There are 2 protein chains.
Amino acid sequence: MRSSTKDSTSHSGQIPGSVGVVAPVIHHFEQPLELTSGAVLPAYDLIYETYGELNADRSNAILICHALSGDHHVAGYHRNDDGTVSTKAGWWDNMVGPGKPFDTDRFFVVGLNNLGGCGGSSGPSSMNPATGRLYGPDFPLVTVSDWVQSQARLADVLGIEQFAAIIGGSLGGMQAMQWAVDFPDRVRHAVVVAAAPKLSAQNIAFSEVARQSIRSDPDFHDGRYFEHDTVPKRGLRVARMLGHITYLSDEHLGEKFGRQMREGQFSFDYTVEFQIESYLNYQGDNFSTRFDANTYLLMTKALDYFDPAAAHDDRLSAWLSRAKADFMVASFTSDWRFSPSRSREIVKALHDNNLNVSYAEIESKEGHDSFLLEIDAYQDLMRAYLNRVAAEFGQ
Amino acid sequence: MRSSTKDSTSHSGQIPGSVGVVAPVIHHFEQPLELTSGAVLPAYDLIYETYGELNADRSNAILICHALSGDHHVAGYHRNDDGTVSTKAGWWDNMVGPGKPFDTDRFFVVGLNNLGGCGGSSGPSSMNPATGRLYGPDFPLVTVSDWVQSQARLADVLGIEQFAAIIGGSLGGMQAMQWAVDFPDRVRHAVVVAAAPKLSAQNIAFSEVARQSIRSDPDFHDGRYFEHDTVPKRGLRVARMLGHITYLSDEHLGEKFGRQMREGQFSFDYTVEFQIESYLNYQGDNFSTRFDANTYLLMTKALDYFDPAAAHDDRLSAWLSRAKADFMVASFTSDWRFSPSRSREIVKALHDNNLNVSYAEIESKEGHDSFLLEIDAYQDLMRAYLNRVAAEFGQ
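Draft legend 1. Spotlight on the overall build of chain A. Looking only at helices and strands, chain A has 10 helices and 16 strands in total. Scaling as 2.2 N^0.38, a compact globule of 395 residues should have a C-alpha radius of gyration of about 21 Å, and chain A matches this with 21 Å. Counting only C-alpha atoms and orienting by the principal axes, one finds that chain A spans roughly 65 × 55 × 50 Å. The buried share of chain A, reckoned over its 395 residues, is 61%. Expressed as a percentage of contacts within chain A between residues at least 6 apart in sequence, the contacts between residues at least 24 apart total 70%. Put simply, chain A shows about 14500 Å² of open surface, and 47% of that area lies on carbon and sulfur atoms. Across chain A, the 34 positively charged side chains and the 50 negatively charged ones have centroids separated by 2 Å.

In structure tokens, the structure reads:
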């Protein structure tokens, strides 16, 4: 392998099942990228992390595609500026590590921040070389297809001709499907979790309310908030609170919070009365200080735009006809954002093409967010499937 | 009857099935009202409309209780300031009128704006006699129970000892239940449509996001926006957009809008791309110019607080044990805000008390909003039930 992101003073030996301390790598691409919109990115950066070792015949690579608010920091721990190790693990640390379902003793796992993100890849909050100012709202809108093109270039850089598996949940699952269609020879297995072939009107409606919340914040300044030394925290906060409701199930919220009050009795004023309110406000506050508003807008737009069957008279099967990968499709019973029926549409279209498809509808109470959580049946399923993937290259 | 709100130059003869042109009446109450919160309203106004004639033995009165954004203008048309007749009918005009399910040829129908509303009853946007300024955020929070107390006083003013029926959808249905418990001898029939015994954590979560959207609008000014010559339009707009999604079903949005684009192709910028976005933005714009933000907050709080079984160890049956009315409970198959299962909880608790209960689960695609719509099976059901009610007083 050409690059390792393992920290030279790794603590991996000290944290069982963890990839340990990791550091991201930035690759600068000079080759212009033509986007679906027609716009061209003359040059761009992608930030990524890798875990495990690429084997001699480069056959053991896994690409992890992130969802709306994810990034390249999939597993392990970063080192803080003061040299201490952060206590916050990567977003899919329960899945990626030595002995974990995506086993870094066997696989070479790659996570990257997508174009338009705010984790270090080129996006609205990075410098526009053409102007010397931050891109802000001038960063071009990107699509799932654009991401796949940029990820393929990163694979070239890493010397990976074919991924053993490309894996993603939600918007990440859409990328895994797109890979299988756009680069049929470069994906051996596509693992598509909690995804959908396209957003429904209700899905788009929630996206739009989140966007309006951000865009109508007076601190948004048409997206040039950095130039005004501010960020649209209020709007982003409400957008995230709303998103959070759609990521969880009614049942889960009921079990976790129900109608529990913060105090023993109502205060009959406009302060927060219920625990569920505190929880949402906390989530919103937290997110609004760490995530870029323009990136949030861009990511929701990429979700809205994804509808690959549209160019094939709404026949999903026709779009997937180019795919050669084996597929693992998984959904969660309590997911009302992308419900199991949406995954079954994908499964049917894959079957129509006589592709090898495994499908699992996993019992869970946590809604769409289940794909990020440590759920036994889910972990077992992923472990079993990845064992099968590993067996193909003799592991 | 003591008061008629029929316009002296009524057009009722000209609009078949309509109660015609109507005008509201305001009654000023001087008797202080002690609220659930412990606060006392020393005096207050209630604005109301009536349709039809109260019969000699005052046995044909129906009270219509409104939901979150409803008011006293239930049926017919108002006269504009310039003398022309408004083209906008009352919010339940499809249900109330001569020959309609709530037949004004047989019933005397009363609609009022609840305390805390913004339609003309005392509320945050009316004058606080104690200060000579608008109440704004100082208007006390009210509960469903408080509303019922104030409505009973209005019934006294109108000379109605017992209502033939008290009818409401959503939050209005909660009031109908509360009436049956608080004034068992004053309600002959309670008609509870698309309601729930209490809000779920998810319901409260949506309320809280709406509230945060309003409260974090810089134009909110802690509720004293009128003193700053502004209104928190942006926040109210987003709150309404969000509410709207929860009032409609995924299926209905899919059938009505799907992924229809506004233009033939994507613009790949942050303008509105889909019809569903236009629709929501239009609804939000419209609402934000006509509704008071403090009232919106207050109404969502009244919804959140409603949980009458809580004082009875969460036994809904125990709370309903005082009721004597016959009940008609109706729900809609596509309602995911207050789903049919929530109505069935009410039905079970009524059965536990050996009360006469009719229950109907009405097929509809329009979600929670179905209760406001002209749906044949729904109209037939209400018509049949109200025929039974009318038969009791010989109509």
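Next comes the rest of the account.
Draft legend 2. Structural context of the confidence of the model for chain A. Residue and element names in this part refer to chain A. Across chain A, the average pLDDT comes to 95, with 96% of residues at 70 or higher. Here residues 8–13 scores under 50 on pLDDT; set against residues more than four positions off or in separate chains, the count is 11 contacts. Reported for the predicted complex are a pTM of 0.95 and an ipTM of 0.93.

Draft legend 3. Layout of the side chain of Ser126 of chain A. Residues and elements named next belong to chain A. Checked against the element boundaries, Ser126 lands in the loop between β10 (108–112) and β11 (127–128). Reaching out from Ser126, the side chain makes a polar contact with the backbone nitrogen of Gly123 at a distance of 2.8 Å. Once residues lying within four places of it in the same chain are set aside, the contact partners of Ser126 are Ser121, Arg133, Leu134 and Tyr135.

Draft legend 4. Here's a closer look at a nonpolar patch on the surface. Together, Met127, Leu134, Phe226 and Val231 of chain A give the surface a local cluster of nonpolar side chains, amounting to about 300 Å² of exposed area. With respect to the helices and strands, the residue Leu134 of chain A is situated in strand β12 (residues 133–134).

Draft legend 5. Focus on the environment of Val25 of chain B. Residue and element names in this part refer to chain B. Following the sequence through the fold, Val25 ends up in strand β1 (residues 25–29). On the basis of relative accessibility, which here comes to 21%, the residue Val25 falls in the partly exposed class. When the C-alpha atoms of Val25 and Asn55 are compared, they prove to be 20 Å apart, with 30 residues separating the residues in sequence.

Draft legend 6. Fine view of the interface of chain A and chain B. Across the contact, 53 residues belong to chain A and 52 residues belong to chain B. Each partner contributes to the roughly 4700 Å² buried at the junction of chain A and chain B, and carbon and sulfur atoms together form 68% of this total. Here chain A is connected to chain B by 4 salt bridges. Where Glu277 of chain A meets Arg211 of chain B, a salt bridge forms, and the shortest distance between an N and an O atom there is 2.7 Å. Remark: the boundary between chain A and chain B carries 22 residue pairs in polar contact (both at pLDDT 80 or more). Residue assignment for the side of chain A that touches chain B shows that the elements contributing at least two residues are α3 (201–215), α4 (233–247), α5 (250–256), α6 (275–290) and α7 (293–305) of chain A. The element best represented in the side of chain A that touches chain B is α3 of chain A, accounting for 11 residues. Here the residues of the side of chain A that touches chain B are counted per class, giving 26 nonpolar, 13 polar and 14 charged.

Draft legend 7. Expanded view of the pattern of salt bridges. All names here are of chain B. One pass over the full model with this rule turns up 40 salt bridges over all chains. Of the charged contacts, one joins Arg186 and Asp156 as a salt bridge, the two residues approaching to 2.9 Å between their closest N and O atoms. With Arg186 in the loop between α2 (171–182) and β14 (189–193) and Asp156 in helix α1 (residues 144–158), the pair connects residues that are 30 residues apart, well separated along the chain. The shortest N-O distance in the salt bridge between Glu208 and Arg211 comes to 3.2 Å.

Draft legend 8. Fine view of the sheet that holds strand β4 (residues 44–51) of chain A. All names here are of chain A. Taken in spatial order, the 8 strands of this open sheet run β1-β4-β10-β5-β13-β14-β15-β16, and their pairing is mixed. A strand with exactly one partner marks an edge of an open sheet, and here the two such strands are β1 (25–29) and β16 (357–362). Adjacent strand axes in the sheet meet at a mean angle of 20° when their direction is disregarded. Sheet topology note: the β1/β4 ladder contains 5 bridges and is antiparallel. By the bridge assignment for β4, Val25 is matched with Tyr48.

Draft legend 9. Structural detail: the nonpolar core. If you look at the biggest cluster of nonpolar residues, it comprises 259 residues, and the most contacted ones within it are Phe327 of chain A together with Phe327 of chain B. Dropping the residues within four chain positions of it, Phe327 of chain B is found in contact with Met177, Ala180, Ala190, Val192, Leu350, Leu355, Asn356, Val357, Ser358 and Tyr385 of chain B.

Draft legend 10. Fine view of unusual backbone geometry. Not every positive phi belongs to a glycine, and Arg58 of chain A is a case in point at roughly 55°. By secondary structure assignment, the location of Arg58 of chain A is in the loop between β4 and β5 (61–65). Given the relative accessible area of 35%, Arg58 of chain A is considered partly exposed. Located in the positive-phi region is Ser170 of chain B, a residue other than glycine, with phi close to 60°. Structurally, Ser170 of chain B is set in the loop between β13 (165–169) and α2.

Draft legend 11. Representation of the sheet that holds strand β5 (residues 61–65) of chain B. All names here are of chain B. Taken together, 8 strands build an open sheet; the order of strands is β1-β4-β10-β5-β13-β14-β15-β16 and the sheet is mixed. If you trace the sheet from one side to the other, it starts and ends with β1 and β16 (357–362), each paired once. Each strand axis lies, on average, 20° off the axis of its neighbour in the sheet, ignoring direction.

Rules used throughout
- Residues numbered from 1 in each chain as written.
- Chains lettered and ligands numbered in written order.
- Predicted model: local features only at pLDDT ≥ 70, side-chain atom pairs only at ≥ 80, totals over all residues.
- Heavy atoms only, no water.
- Helix = DSSP H or I, 4+ residues; strand = E, 2+ residues; numbered from the N terminus.
- Rg over C-alpha atoms; globule rule 2.2 N^0.38 Å.
- Buried < 20%, exposed > 50% of the residue type's maximum accessible area, 1.4 Å probe, protein only.
- Contact = heavy atoms within 4.5 Å.
- Areas by Shrake-Rupley, 256 points an atom, 1.4 Å probe, with all protein chains shown as cover.
- Lys, Arg positive; Asp, Glu negative; His and termini not counted.
- Charge placed at Lys NZ, Arg CZ, Asp CG, Glu CD.
- pLDDT = per-residue confidence, 0-100.
- Polar contact = N/O pair within 3.5 Å; in protein donor to acceptor, adjacent residues only side chain to side chain.
- Patch = residues over 30% accessible without salt bridge, like charges linked within 9 Å, V, L, I, M, F, W, Y side chains within 5 Å.
- Salt bridge = Lys/Arg side-chain N within 4 Å of Asp/Glu carboxyl O.
- Buried area = accessible area lost by both parts, 1.4 Å probe.
- Nonpolar A, V, L, I, M, F, W, Y, C, P; charged D, E, K, R; others polar.
- Pairing = 2+ DSSP bridges.
- Axes fitted to C-alpha atoms, helices over the stretch in contact; angles between N-to-C directions.
- Core = buried A, V, L, I, M, F, W, Y, C linked by side-chain atoms within 4.5 Å.

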